[in-house]
Amino acid sequence: MTPEPAPPAAAKQPATEKAPPPTRVLSGIQPTGRFHWGNYFGAIRQYIELQTAGEAYYFIADLHALTTVREPARLRSLVHAAAVDLVALGLDPARATLFVQSDVPEVTELTWLLMTVCPMGLLERCHAYKDKKSRGLAADAGLFTYPVLMSADILAYDATVVPVGEDQVQHIEVCRDLAGTFNHLYGEVFTLPKPRLVESGARVPGTDGQKMSKSYENTIDVFEDLAAQKKKIMRITTDSRPLEEPKNPDDDHLFALYALVAPEADRLRMAELYRRGGFGYGEVKKALVEAAANFFAAARGRRAELEADPARIEAILADGAARARRQAGAVLARAKAACGLSRGVAAAAPRRPA
Ligand code: TYM
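Criteria and thresholds
- Residues numbered from 1 in each chain as written.
- Predicted model: local features only at pLDDT ≥ 70, side-chain atom pairs only at ≥ 80, totals over all residues.
- Heavy atoms only, no water.
- pLDDT = per-residue confidence, 0-100.
- Contact = heavy atoms within 4.5 Å.
- Helix = DSSP H or I, 4+ residues; strand = E, 2+ residues; numbered from the N terminus.
- Expected span 1.5 Å × (residues − 1).
- Bend = angle between axes of the 7 residues up to and from the residue.
- Buried < 20%, exposed > 50% of the residue type's maximum accessible area, 1.4 Å probe, protein only.
- Domains from an automatic or database assignment.
- Buried area = accessible area lost by both parts, 1.4 Å probe.
- Salt bridge = Lys/Arg side-chain N within 4 Å of Asp/Glu carboxyl O.
- Core = buried A, V, L, I, M, F, W, Y, C linked by side-chain atoms within 4.5 Å.
- Near = heavy atom within 4 Å.
- Polar contact = N/O pair within 3.5 Å; in protein donor to acceptor, adjacent residues only side chain to side chain.
- Nonpolar A, V, L, I, M, F, W, Y, C, P; charged D, E, K, R; others polar.
- Axes fitted to C-alpha atoms, helices over the stretch in contact; angles between N-to-C directions.
- Parallel < 35°, antiparallel > 145°, perpendicular 65-115°, else oblique.
- Left-handed = near helix turned anticlockwise from the far one by under 90°.

Visitor: Honestly, the confidence of the model for the protein chain in this entry has me stumped. Any pointers?
Guide: In regions of low pLDDT, the predicted coordinates are not meant to be interpreted in detail. Summary statistics for the protein chain give a mean pLDDT of 92 and a share of 92% for residues scoring 70 or more. Low pLDDT, under 50, characterises residues 5-15; the predicted model gives this stretch ten contacts beyond four residues in sequence or across chains.

Visitor: Is there a simple way to explain helix 1 (residues 37-50) in this structure?
Guide: What sets the pattern is the α-helix's 3.6 residues per turn: residues three or four places apart point alike. Taking 1.5 Å per residue as the helical rise, helix 1 with its 14 residues ought to reach 20 Å, and the 18 Å between its terminal C-alpha atoms agrees with that figure. Within helix 1, the axis deviates most sharply at alanine 43, by approximately 35°. Most of helix 1 is tucked away: ten of the 14 residues are buried. Every buried residue of helix 1 is listed here: Trp37, Gly38, Tyr40, Phe41, Gly42, Ala43, Ile44, Gln46, Tyr47 and Leu50.

Visitor: Can you walk me through the domain arrangement of the protein chain in this structure?
Guide: In many reports, interface size means the accessible area that the parts give up when they come together. Domain parsing of the protein chain yields domain 1 (24-203 + 309-339) and domain 2 (224-295). For domain 1 and domain 2, the distance between their C-alpha centroids amounts to 34 Å. Between domain 1 and domain 2, the residue contacts involve four residues of the former and seven residues of the latter. Counting each side, the surface lost to burial between domain 1 and domain 2 is near 470 Å², with a carbon and sulfur contribution of 84%. Our enumeration of links across domain 1 and domain 2 arrives at zero salt bridges.

Visitor: What is the right way to read the nonpolar core from this model?
Guide: For soluble globular proteins, the rule of thumb is that nonpolar side chains tend to be buried together. Membership of the largest hydrophobic core comes to 61 residues, with the highest contact counts inside it found for Trp37, Tyr58, Leu86, Leu257 and Leu288. It is helix 3 (residues 72-88) that contributes the most residues to this core, nine residues altogether. Counting residues domain by domain, this core receives three or more from each of domain 1 (24-203 + 309-339) and domain 2 (224-295). Those residues in contact with leucine 86, other than ones at most four positions away along the chain, are Ile29, Phe35, Ile44, Tyr47, Ile60, Leu91 and Leu98. The next biggest cluster of nonpolar side chains, apart from the first, holds 43 residues, and it includes Leu26, Tyr57, Leu149 and Ala328.

Visitor: How do you make sense of the site of the ligand when you look at a structure like this?
Guide: The full set close to the ligand counts 28 residues, and Gln30, Tyr146, Asp153, Asp167 and Val204 are the nearest of them. At 2.5 Å from an oxygen atom of the ligand is found a side-chain nitrogen or oxygen belonging to tyrosine 146. Take aspartate 153: an N or O atom from its side chain is 2.7 Å from a nitrogen atom of the ligand. Within the shell around the ligand, the residues separate by chemical class into 13 nonpolar, eleven polar and four charged.

Visitor: Would you take a moment to explain the environment of valine 107 for this structure?
Guide: Its place among the elements puts valine 107 in helix 4 (residues 106-115). Taking C-alpha positions, valine 107 is 22 Å from leucine 86, a pair spaced 21 residues apart along the chain.

Visitor: Got a minute to help me understand unusual backbone geometry in this structure?
Guide: Most of the time, phi is negative for any residue but glycine, and the peptide bond is trans. In this model, aspartate 158 sits at a positive phi of 50°, which is unusual for a non-glycine residue. Structurally, aspartate 158 can be placed in the loop between helix 8 (146-155) and strand 4 (161-163). Judged by its relative accessible area of 5%, aspartate 158 is buried. A positive phi angle, near 50°, is found at glutamate 217, a position not held by glycine.

Visitor: How do you make sense of the environment of asparagine 248 when you look at a structure like this?
Guide: Here asparagine 248 lies in the loop between helix 10 (226-234) and helix 11 (253-261). Through-space distance from the C-alpha of asparagine 248 to that of leucine 63 is 43 Å; in sequence the pair is 185 residues apart. A distance of 2.9 Å separates a polar atom in the side chain of asparagine 248 from the backbone nitrogen of aspartate 250.

Visitor: Just checking my understanding: could you explain the packing of helix 4 against helix 15 (residues 310-339) for this structure?
Guide: When two helices pack together, their arrangement is captured by the angle between the axes and the distance separating the axes. One way to put it is that helix 4 packs onto helix 15 with a least axis distance of 9 Å and a crossing angle of 25°. When the axes of helix 4 and helix 15 are compared, the pair comes out roughly parallel. As helix 4 packs across helix 15, the resulting crossing turns out to be left-handed. Residues Glu106, Glu109, Leu110 and Leu113 of helix 4 touch helix 15, and the partners they reach there are Arg325, Ala328, Gly329, Leu332, Ala335, Lys336 and Cys339. Among the residues making up the contact of helix 4 with helix 15, the classes are represented as six nonpolar, one polar and four charged.

Quick look at the structure:
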């Protein structure tokens, strides 16, 4: 499967050719803590860029988060904070539909329909479940069937483009598999989505060089306190090659992090310094601290304003849920009619948009 390139502007089709479904962007993000740079550069930055590319739906995946967050008050506050952070980072509720996953119960019903066409072996191969098992952690059925819920999330909105980081591509393949099987059995019900990755952020490294992830405790968070962020950056692991030795910027995770937040000219200058040698990693870390603070400064300001107005965020989420339910309801009705769950409405159920 080829990841989707940037979606084209609505191209005119010759009258004889079947037009592709309209671009509909969808993605979800878990509210399991503060967003880190992996979330931002891998996914959120794309959400914002794509909110003008067609219809866009973005949601906070609280049902998925239930597999890890077990404190109700904390989950509630994480969901609210996630919405604040997304809007502060540039998600515009006037352009995109922003909602909370559990506010759309149609998706959990659709999950069951997909579960009935999902082979166990497909889920056994999924890495989120495999990773947890291999680390000796208890995995529940929620974690095991996580990709089925994720598939329903995507299919419920007839999404065509799903902006994500590399770690989610396998789940989108599962989604395509399930949609294909269902369509094969019951007719053209679901639209097959494609993942969309950005080269510069598909796999953001953490402070230790592995993929940035909360489970590896190697994150740099978008909105963390600047003093704490500075400490983390100054502790980023580096190799012990001598100062004067020329180095390749392209295989250094410290440089990769710097490249994400530094203005173009500074990035090129730093790459040159690497190639020449004669610099210390401490210098790069200091430059990274400064570039990171500048890069997110405006979003920090917006976030402070939004935090002071919780009712505004809740109104955005309520409006988003109403819009999302309308769409998911139509797809669910179509799927139920197709597989024989609705009596008397089969003929009336709308077909998938051509
Ligand atoms: P989640 O919450 O773990 O991550 C949210 C997004 O951030 C991306 N990401 C990264 N990208 C690049 N480098 C990294 N180090 C990095 N770490 C995280 C993820 O790829 C993701 O795009 N299952 C999903 C949430 C979800 C979803 C969906 C996504 C639920 N339903 C439907 C798309 C469509 C997840 O746990 O993402």
